[in-house]
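Chains, contacts and geometry: an overview
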Amino acid sequence: MTSVCGVRSAAEVNPLSHRVGATVRCPAALLPVSMGDEPVGEGPGGEGPGGEGPGLLDEALQRWMTWDQNHWTRVQVESLVASGQFEDLRSRLCSRMSFGTAGLRAPMGAGFNRINDLTVIQSTQGLVSYLSRFMADVSSRGVVVGFDTRAQEESGCSSQRLAKLTAAVMLSRDVPVHLFSTFVPTPFVVYWCNGAQITPPHDKEILRSIEEQLEPWSASCWDEGLVERCSLRTDPLTKINSCYMDELASLCFHRDLNSSCPLKFVHSSFHGVGHVFVQQAFQIFGLAPPIPVPEQKDPDPNFPSVRCPNPEEGESVLELSLLLAERENARIVLATDPDADRLAVAEKSDGCGWKVFTGNELAALLGWWMFFNWKERHPDPADTKSIYMLATTVSSKILQAFAHVEGFHFEETLPGFKWIGNRMHELSKTGNTVIFAFEESIGFLCGSMVPEKDGVSSAAVVAEMAAYLHNKSLSLNQQLHNIYQTYGHHVSRTSYVVCNDPSTIQKIFSRIRNFDGEGSYPKSCGGVRIVHVRDVTTGYDSSRADLRSVLPVSSSGHMITFTLQNGVVATLRTSGTEPKIKYYTEFCAAPGKSDVSSLEEELSTVTAALLNDFLEPERNNLIRRFI
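Residues numbered from 1 in each chain as written. Predicted model: local features only at pLDDT ≥ 70, side-chain atom pairs only at ≥ 80, totals over all residues. Heavy atoms only, no water.

1. Some thoughts on helix H18 (residues 476-487)
What counts, and what does not: Runs of H or I in DSSP of at least four residues are treated as helices and runs of E of at least two as strands, each being numbered from the N terminus. A helix's residues, less one, multiplied by 1.5 Å, set its expected span. With a 1.4 Å probe rolled over the protein chains alone, any residue whose accessible area is under 20% of its type maximum counts as buried; one over 50% counts as exposed, and the rest are partly exposed. Picture the helix axis, draw a direction to every C-beta atom, and the arc is the one those directions span.
Over its 12 residues, H18 extends 16 Å from the first C-alpha to the last, a length consistent with the 16 Å expected when each residue adds 1.5 Å. For H18, the set of buried residues is Leu476, Asn477, Gln479, Leu480, Ile483, Tyr484 and Tyr487. All buried residues of H18 fall inside an arc of 160 degrees around its axis, so they share one side.

Printed below as a string of structure tokens:
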């Protein structure tokens, strides 16, 4: 499934701002298109047509009106000109998108730093140009283009339209296109030729190539109908769906138990693509189909039934799912996000309402489950030497605890599944196998089917695990506590603040790097001594003899990790996709230490200090998370 480069197109609503973004994930890249109030990067390639000097807005405006052929986005710009909203125009037209943790992201709408017909055409032209230089056989192997169900009416744009325009640009240069005929989940579309999202230096080179290809090549680039007429276009849906479901069967370990499982499951696809594919996955596993949330089963780009179409936000956005589960006496709720690459899980607790698992807690369960079943089939302890689990560095260290006890390998990567996917590829070349990987933001990969997080396969795996545990008179939450008793309690907190001013973010992190004098990081947090500091932005790591971070230096954003004397690990980082500063804390206790309340109390103290003393929300006008 990873032998062909892939392009993905999507549009996604941010209900808080009622703006939309699109995500185009491409063959050599994730040329995304994601959503809402997301910041526009101005790194390499980030300066837009003409920059921001006097008179340059006029030049950028003229380019836009000359090149754009979408009536709706032309009207948006004309309206802004007529009403004299020049700061808004300058924001839209005088800078461009750059790569974050998961591709090119921006709000949808008119402008060179928004997702729209013109910028997707420009991005695809740059991609085609780069691929033609980088891959001699691109004109024979082609690209894969996928899309989901999202759209923005006021821009006259939809994920499907963006996909067709992407394909049209490719076809205009005689590059074969494998364009799905209907919406598909993210795991169906692979990226670079190793299947993973791109990492440097490809991202900067693609941006440079985009800058060199800004004017649309020809009228064909705007021709949606080209995909219906051109013989170079094929539809991979049947083949890829069959291949995916066949490979999914390799993750089913107890089909005999599944068929007789009395548990009921509820599934919400959050108005996205997940419903059909999760139903198929359950069938592959021999499980009774999950009960769909009727109000959220069918695709709807307006997401009418949720305040925020992101199951990561927890119980507040799972209300309809939990109500349905109560009525149907279902004990497990599964929720996939709109493009079905993330998974949230909730479990009915006897007399205690619902337990919504965090991404770190689900990873503890899935990591245990994958190794438990792998070990059943590989009883020779020597076999563990070629087995790996991976996690992003801001995620729980629970897999590290597993590895220490069980003897397999564990590695951390920078945030973003692109780093996990590429590391999986590197390990496979040396005969090693990754059996589980995750990021704390409810992104999981069971096995090595595709080098990307996958909500569809994870939903089926969680369901089978729940069925197996139910047969042992255990709930998911009970098994989680069993895991912590064996490997040590891992208590974590994850949240964020919103900051819409890039200069304030820069000031905050500069203060932290000079907290106790020039070049001196904080020496304590919440009254606990800081014993190590790792700053991936600068490449500094005080725990290393050479003071150099093992993780790659990433100057595109800020990320600083503090290790405290009491065992707490705390990280501050900027989001690669949104105007947020995220913070993560975790207390990793030794096996047998069961006083969880004291662990949580100590962690809460450190987390509050990290937020209030280091970020200073009130002083810096930061918006605290509230859903």
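And the narrative resumes.
2. Structural notes on the packing of helix H1 (residues 56-67) against helix H3 (residues 86-93)
For clarity, the cut-off: Every axis in this analysis is a line fitted to C-alpha atoms, fitted for helices over the stretch in contact. Angles between the N-to-C directions lie between 0 and 180 degrees. Note on terminology: angles under 35 degrees are roughly parallel, angles over 145 are roughly antiparallel, angles of 65 to 115 are roughly perpendicular, and the others are oblique. For any pair of crossing helices, the crossing counts as left-handed if the nearer helix is rotated counterclockwise from the farther one by less than a right angle, and right-handed if it is rotated clockwise. Residues are treated as being in contact if the distance between any of their heavy atoms lies within 4.5 Å.
Here H1 crosses H3 at 65 degrees, and the two axes come no closer than 10 Å. Relative to H3, the element H1 is oriented roughly perpendicular. The crossing of H1 and H3 is left-handed. When H1 is examined against H3, the residues Leu57, Ala60, Leu61 and Trp64 are found in contact with a partner set consisting of Phe86, Leu89, Arg90 and Leu93.

3. Describing the packing of aromatic side chains
As a reminder of what qualifies: In this analysis, rings of Phe, Tyr and Trp, with Trp reduced to its six-membered ring, are considered paired at centre separations within 6.5 Å, and the interplanar angle assigns stacked below 30 degrees, edge-to-face beyond 60, and tilted for intermediate values. Here, a charge over a ring means that NZ of Lys or CZ of Arg falls within 6 Å of the ring centre while also lying within 35 degrees of the ring normal.
The tally for this structure, following the rule as stated, stands at 22 aromatic pairs. Taken together, a centroid distance of 5.8 Å and an interplanar angle of 45 degrees make the contact between tryptophan 368 and tryptophan 369 tilted. Ring plane angle 0 degrees and centroid distance 5.5 Å describe the contact between tyrosine 521 and tyrosine 540, whose orientation is recorded as stacked. You can see tyrosine 521 sitting in the loop between helix H19 (502-513) and strand S21 (524-525) and its partner tyrosine 540 sitting in strand S23 (residues 540-541), a full 19 residues away along the chain. The exposure class assigned to tyrosine 540 is partly exposed, which follows from its relative accessible area of 27%. Across from the ring centre of tyrosine 496, 3.9 Å away, lies the NZ or CZ of lysine 580, which sits over that ring.

4. Concerning the nonpolar core
We apply this condition: Nonpolar core, defined: a set of buried Ala, Val, Leu, Ile, Met, Phe, Trp, Tyr and Cys residues in which side-chain atoms within 4.5 Å join the residues together.
If you look at the biggest cluster of nonpolar residues, it comprises 89 residues, and the most contacted ones within it are Leu334, Val345, Leu399, Phe436, Phe444, Met465 and Leu476. Per element, the largest residue contribution to this core is 11 residues, and it comes from helix H17 (residues 455-471). Beyond its immediate chain neighbours, meaning those up to four positions away, phenylalanine 436 contacts Ala363, Leu366, Gly367, Met370, Tyr388, Met389, Leu390, Leu399, Phe444, Leu445, Cys446 and Gly447. Core analysis: the next-biggest nonpolar cluster, separate from the first, contains 53 residues, Ala60, Ile115, Ile121 and Met170 among them.

5. Looking at the pattern of salt bridges
The line we're drawing: A pair is scored as a salt bridge if a Lys or Arg side-chain nitrogen falls within 4 Å of a carboxyl oxygen belonging to Asp or Glu.
This structure, assessed with the given rule, holds 30 salt bridges. Across the pair glutamate 361 and lysine 355 runs a salt bridge whose closest N-O atoms are separated by 2.9 Å. Note on glutamate 361: relative accessible area 15%, which makes it buried. Look at lysine 355 and you get partly exposed, because its relative accessible area is 21%. Beyond isolated ion pairs, a larger network of salt bridges with shared partners links Asp341, Arg342, Glu439, Glu452 and Lys453.

6. Observations concerning the packing of helix H2 (residues 71-82) against H3
Rules: Nonpolar residues are Ala, Val, Leu, Ile, Met, Phe, Trp, Tyr, Cys and Pro. Charged residues are Asp, Glu, Lys and Arg, and all others, Gly as well, are polar.
Taken N-terminus to C-terminus, the directions of H2 and H3 make an angle of 145 degrees; their axes are 8 Å apart at the nearest point. Both H2 and H3 take part in a crossing whose hand is left-handed. From H2, Gln76, Val77, Leu80 and Val81 reach across to H3, where they touch Phe86, Asp88, Leu89 and Arg92. The class makeup of the residues in the contact of H2 with H3 is 5 nonpolar, 1 polar and 2 charged.

7. Quick notes on the pairing of strand S13 (residues 332-336)
Rule in force here: Two strands are counted as paired when DSSP detects at least two bridges linking them.
Taking burial as the measure, the 5 residues of S13 include 5 buried ones, the bulk of the element. Here S13 shows no split at all, with Ile332, Leu334 and Thr336 on one side and Val333 and Ala335 on the other all buried. Pairing of strand S11 (residues 265-268) with S13 involves 4 bridges; the strand directions are parallel. Bridge pairing in S13 links valine 266 to valine 333. With 5 bridges joining them, S13 and strand S14 (residues 343-348) adopt antiparallel strand pairing. Among the inter-strand pairings, isoleucine 332 is bridged to a residue of S14, identified as glutamate 347.

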